[in-house]
Amino acid sequence: MSVKAKATGIHYGWIVVFLTFLTLLVSAGIRSMPSILMMPFEYEYGWSRGGISSVISIGIFLYGLTGPFSAALLQKFGIRRVVVISLGVLALSLAITPWMTALWQFEILWGLVSGLATGMMANVLGVTVSNQWFVERKGLVVGLLTASAATGQLLFLPLLAKITVDVGWRYAIYTAVAALVIVLAIVAIWFRNHPSEMDLAPYGTDEVVKPVPFTGNIFLAPLRALRSALKNTTFWLLAGTFFFCGFSTNGLIGTHLIPACGDHGIPEVTAAGLLALMGLFDLVGTTLSGWLSDRYDSRKLLFVYYGLRGLSLIFLPYALDAGPTTLLIFSIFYGLDWIATVPPTVKLAAQEFGKEQAGMIFGWVVVAHQVGASFAAYGAGLMREWFGSYTIPFVAAGVVCVVAAAMAMRISRVHASAAMVQLQK
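Residues numbered from 1 in each chain as written. Predicted model: local features only at pLDDT ≥ 70, side-chain atom pairs only at ≥ 80, totals over all residues. Heavy atoms only, no water.

Participant: Any chance you could explain the overall build of the protein chain here in plain terms?
Facilitator: Helices and strands together make up the secondary structure of the protein chain, namely 19 helices and zero strands. Rg of the C-alpha trace for the protein chain: 21 Å, near the compact-globule value of 22 Å for 425 residues, within the 12% margin. Each of the three principal axes of the protein chain carries a C-alpha extent, and together these read 60 × 45 × 40 Å. Counting the 425 residues in the protein chain, one finds 59% classified as buried. Long-range contacts, defined as pairs at least 24 residues apart, comprise 85% of the intrachain contacts of the protein chain with a sequence gap of at least 6. For the protein chain, the exposed surface amounts to about 17000 Å²; the carbon and sulfur share of it is 68%. On the protein chain, the mean spot of the 26 positive side-chain charges and the mean spot of the 19 negative ones are 9 Å from each other. (Helix = DSSP H or I, 4+ residues; strand = E, 2+ residues; numbered from the N terminus. Rg over C-alpha atoms; globule rule 2.2 N^0.38 Å. Buried < 20%, exposed > 50% of the residue type's maximum accessible area, 1.4 Å probe, protein only. Contact = heavy atoms within 4.5 Å. Areas by Shrake-Rupley, 256 points an atom, 1.4 Å probe, with all protein chains shown as cover. Lys, Arg positive; Asp, Glu negative; His and termini not counted. Charge placed at Lys NZ, Arg CZ, Asp CG, Glu CD.)

Participant: Could you clarify how one ought to interpret the pattern of salt bridges in this entry?
Facilitator: Taken as a whole and assessed by the stated rule, the structure comprises five salt bridges. E44 is paired through a salt bridge with R170; the nearest N and O atoms lie 2.8 Å apart. Of this pair, E44 sits in helix α3 (residues 34-45) while R170 sits in helix α9 (residues 169-190), placing them 126 residues apart in sequence. We note a salt bridge from R299 to D297, for which the minimum N-O separation is 2.9 Å. For D297, a relative accessible area of 21% gives the class partly exposed. (Salt bridge = Lys/Arg side-chain N within 4 Å of Asp/Glu carboxyl O.)

Participant: For this particular structure, what's the right way to read unusual backbone geometry?
Facilitator: Note on backbone geometry: most residues besides glycine have negative phi, and most peptide bonds are trans. If you check the backbone angles, D199 has positive phi at about 60 degrees while not being a glycine. Its location among the elements puts D199 in the loop between α9 and α10 (220-229).

Participant: Is there a simple way to explain the packing of helix α2 (residues 12-31) against α9 in this structure?
Facilitator: When two helices pack together, their arrangement is given by the angle between the helix axes and by the axis-to-axis distance. Between α2 and α9, whose axes approach to 10 Å, the crossing angle comes to 160 degrees. Viewed along their axes, α2 and α9 adopt a mutual orientation that is roughly antiparallel. Between α2 and α9 the crossing geometry is left-handed. Of the residues in α9, those touching α2 at Y12, L19, L22, T23, V26 and I30 are A176, A179, L180, V183, I186, V187 and W190. Partitioned by chemical class, the residues of the contact of α2 with α9 number twelve nonpolar, one polar and no charged. (Axes fitted to C-alpha atoms, helices over the stretch in contact; angles between N-to-C directions. Parallel < 35°, antiparallel > 145°, perpendicular 65-115°, else oblique. Left-handed = near helix turned anticlockwise from the far one by under 90°. Nonpolar A, V, L, I, M, F, W, Y, C, P; charged D, E, K, R; others polar.)

Participant: I tried to follow the packing of helix α13 (residues 268-293) against helix α15 (residues 324-335) on my own but got confused; where do I start?
Facilitator: Across the interface, α13 lies against α15 with an axial gap of 7 Å and an inter-helix angle of 35 degrees. Taken as a pair, α13 and α15 cross one another with a handedness that is right-handed. Facing α13, whose interface residues are L274, L277, M278, F281 and D282, α15 presents L327, L328, F330, S331, I332, Y334 and G335. The class makeup of the residues in the contact of α13 with α15 is nine nonpolar, two polar and one charged.

Participant: What should I look at first to understand the side chain of T128 in this one?
Facilitator: Along the chain, T128 falls in helix α7 (residues 123-133). Judged by its relative accessible area of 8%, T128 falls in the buried class. Once you skip the residues sitting within four places of it in the chain, T128 turns out to touch L74 and I79.

Participant: Got a minute to help me understand the confidence of the model for the protein chain in this structure?
Facilitator: As a note on interpretation, predicted positions should not be read in detail where pLDDT is low. Counting all residues, the mean pLDDT for the protein chain is 84, and 94% of those residues have values of 70 or more. A low-confidence stretch, residues 1-8 stays under pLDDT 50, and its non-local contacts, those more than four residues away or across chains, total ten contacts. (pLDDT = per-residue confidence, 0-100.)

Participant: Any chance you could explain the nonpolar core here in plain terms?
Facilitator: The nonpolar side chains of soluble globular proteins are, as a tendency, buried together. Within the largest apolar cluster, 132 residues are counted, with the highest numbers of intra-cluster contacts made by F41, L94, W110, F235, I253, L327 and F362. Here this core gets twelve residues from one element, more than from any other, and that element is helix α17 (residues 355-387). (Core = buried A, V, L, I, M, F, W, Y, C linked by side-chain atoms within 4.5 Å.)

Participant: Help me understand a nonpolar patch on the surface, please; the structure alone is not making it clear to me.
Facilitator: Residues F303, V304, L308, L311, F333 and M409 make up a contiguous nonpolar surface patch of about 520 Å² in total accessible area. Here the element with the most residues in the nonpolar patch is helix α14 (residues 298-322); it accounts for four residues. Locating F333 in the fold gives a position in helix α15. (Patch = residues over 30% accessible without salt bridge, like charges linked within 9 Å, V, L, I, M, F, W, Y side chains within 5 Å.)

Participant: What's the story with α14 in this structure? I'm lost.
Facilitator: Two residues of an α-helix separated by three or four positions point the same way, owing to the 3.6 residues in each turn. Helix length check: α14, at 25 residues, gives a terminal C-alpha distance of 35 Å against a target of 36 Å (1.5 Å per residue), a fit within 8%. The sharpest bend along α14 comes to roughly 45 degrees, located at L316, with the proline P317 sitting one to four residues further on. Trailing α14 by a residue or two, G323 shows a phi angle of about 120 degrees, which is positive. (Expected span 1.5 Å × (residues − 1). Bend = angle between axes of the 7 residues up to and from the residue.)

Participant: Would you mind going over the environment of M383 with me for this structure?
Facilitator: Mapped onto the elements, M383 comes out in helix α17. By relative accessible area, which is 27% here, M383 ends up partly exposed. Expressed as a C-alpha distance, the spacing of M383 and G50, which sit 333 residues apart in the sequence, is 8.8 Å. Among residues more than four places away in sequence, those in contact with M383 are G388, S389, I392 and P393.

Here it is, written out as structure tokens:
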């Protein structure tokens, strides 16, 4: 197989990137489903929006908390095995969902199980693949794999929303389970953990090297990495900006844009289409961000991304009232910036902490992201109940993004340069 890959001029690392993209795409599409299930669950079960939001909040938090330990598990047991098991567990939890009758069951299936399973296939997976298979083009690879979340929304949300409206939410769940089973089979057959398994060198080099064996404790190693990182100012700045990133993306817009559109008389399928459109433009924006992070100062990129996102969120309440054309403009503008922050953040983490620690350290940065997202998912739901609209949480998210832009410029270039010197020794 390695001979074939070389003969056709395609490094097998790009095939692994495609398989990872497919895995993250399906996982992200399923992770975004609660936004289209919120109103059907309100109608069928009588659950409050705050109660449903609390389940989503827990799932988002556990999705992030799993990240650092996922990095250790991926190194210890291999990417393919961990991903196959995670896909299987996620498929099982979804298959049981149509039989639930109480909110606590939804809490277990989507808050606990789904949160942990999707956490194993989070951004840390993309970072691990890029570090294992690539020496060059890492920023581009991370950008592509990060953009898979947006592509998952693009493909899944309109389809699942249409199925939910036409034949019911249970059939949307069955469709998601079928997609998971197909991806599980593909990964099990064609995925490879490391280029050395195929007698290949990582992309960008001619030297075939064995992976560094993981010798630490899979639970203690991430905690030790965190203890070391807590002494580092750059870690606090990366984690702080990513907290605001989560607060302003999947926790808020990913969870509450469809219900907010419903409050303004915009049909659910149309609202899902707006999220899908954001996904389309984020695919462009995040991939471009990966390319830019290979060439420009990542701190300045983060400053621009957070600043523009903040302005767009402050504009959102006006867009919801102004009509479909204005909301379309918001969707395009916001979509280009949805998760473009990931490639520069990954690069800064790798520069500061080195390739071997980057996965676990970035995993902890993602924990901060998901804590912010969890706050927004639950808090926005409560504010909607208290004030009757989403204006306050949307504007508040815009303001904290402006704060994040200022924080990004405080990340020291000296630290990153010194780290790079250490890595080269």
